[in-house]
Amino acid sequence: MGIRHLIFDLDGTLILLPVKWSDVRRKLSEMLQRRVRSIVELYSEIWMDKELFKVVSAIVEEHELKALTEVKVLDDSPKVLKELSSNYRLSLVTLQSDRVASAILDDLGVRSLFLAKVTRDDTPLREEQIRIVLDRTGFRAEETVVIGDLMNDVRAALRIGCWAIHICRRWTRRLREVDDRVRRVRSLKEVNDVLRSW
């Protein structure tokens, strides 16, 4: 297998952005006059209505910006990224806004490590985000690994033909593999070992 390119998710994978999501959902529910249970699902529903999406995204961004002062770095991610960047090209996909993602990457000192960055401002749909990264970088799906903390990351990667590493920090039971192209780990620090074993 010729892995040359790694696509990372941001929040929940490299950092933890402590947004009070219940407050965001409540504010969006009031504005939309209906109950919002999942912001990710809401993004998918309203993506084609660009004006409504901008309004919703701005409300979310307001809460994300407030949380920037309390970002938690996960698994010494800046060090892990710098080590991985010596053997692989790195890209980023995120459901954060470009403004928020850029601020986080700058604070971590890793912005220059990423060949491409796709945020919700480009599209809030993970599969489309991955496709955009592949288009921008010229890498093929079969030489790319998507690394994220949600099954949505894994499913999107598999649909496109990429490999995936699922970061499962909270799982207490034994991690089982779901597909030959997926590995599950408990920490970013295990990623390099997984890549060498493939």
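What counts and what doesn't
- Each residue is numbered by its place in its chain's sequence as written, counting from 1.
- Where local features are concerned, this predicted model is filtered to residues with pLDDT of at least 70; where side-chain atom pairs are given and counted, the filter is 80 or more; whole-chain, interface and lining totals use all residues.
- Side-chain numbers come from the whole structure's heavy atoms, not from hydrogens or water.
- When DSSP finds two or more bridges between two strands, those strands count as paired.
- Helix and strand labels come from DSSP, where a helix needs a run of H or I of at least four residues and a strand needs a run of E of at least two; each type is numbered from the N terminus.
- Each axis is a line fitted through C-alpha atoms, taken for helices only over the stretch in contact, and angles between the N-to-C directions span 0 to 180 degrees.
- Residues count as neighbours in contact if any of their non-hydrogen atoms are within 4.5 Å of one another.
- Definitions used for this entry: grid spacing 1 Å over protein atoms alone; cavity, a set of points where a 1.4 Å probe fits but cannot get out; pocket, an open set with protein on both sides within 12 Å along at least 5 of 7 lines; lining residue, one with an atom within 4 Å of a point.
- Grid points are joined across faces, edges and corners, and a volume is the space filled by probe spheres set on the points.
- Put simply, Ala, Val, Leu, Ile, Met, Phe, Trp, Tyr, Cys and Pro go in the nonpolar bin, Asp, Glu, Lys and Arg in the charged bin, and everything else, Gly too, in the polar bin.

Peer 1: Please explain the sheet that holds strand E5 (residues 114-118) as it appears in this structure.
Peer 2: Within a sheet, each strand pairs with its neighbour through backbone hydrogen bonds, oriented either parallel or antiparallel. In spatial order, the strands read E5-E4-E1-E6-E7-E8; together these 6 strands make up an open sheet with parallel pairing. Of all the strands in the sheet, the pair left with one neighbour each is E5 and strand E8 (182-185). Strand-to-strand twist across the sheet, computed as the mean angle between neighbouring axes with direction ignored, equals 20°. As defined by bridge partners, strand E7 (residues 163-167) adjoins E8 across 4 bridges and the pair is classed as parallel. Residue pairing across strands places Ile-165 opposite Arg-183, the latter belonging to E8. Across the sheet, helix H5 (residues 98-108) touches strand E4 (89-93) and E5, and the angle it forms with E5 is around 150°. The strands touched by helix H6 (residues 126-137) within the sheet are strand E1 (5-9), E4, E5 and strand E6 (144-148), with E5 carrying the most contacts at an inclination of about 145°.

Peer 1: Explain the layout of surface pockets here, please?
Peer 2: Any space left empty among the atoms is revealed by the rolling of a water-sized probe across them. In this structure, the largest pocket spans a volume of roughly 730 Å³. Forming the walls of the largest pocket are 31 residues, and the residues nearest its centre are Asp-11, Gly-12, Trp-21, Asp-149 and Leu-150. Counting only elements with at least two residues in the lining of the largest pocket, the list comes to helix H1 (21-32), helix H2 (39-46), helix H3 (50-67), helix H7 (151-160) and E7. Here the lining of the largest pocket gets 3 residues from one element, more than from any other, and that element is H2. Of the residues contributing to the lining of the largest pocket, the split by class is 14 nonpolar, 6 polar and 11 charged. In terms of lining, the second largest pocket is formed by Pro-18, Val-19, Lys-20, Asp-23, His-63, Lys-66, Ala-67 and Glu-70. Tallying contributions element by element places H3 first for the lining of the second largest pocket, with 3 residues.

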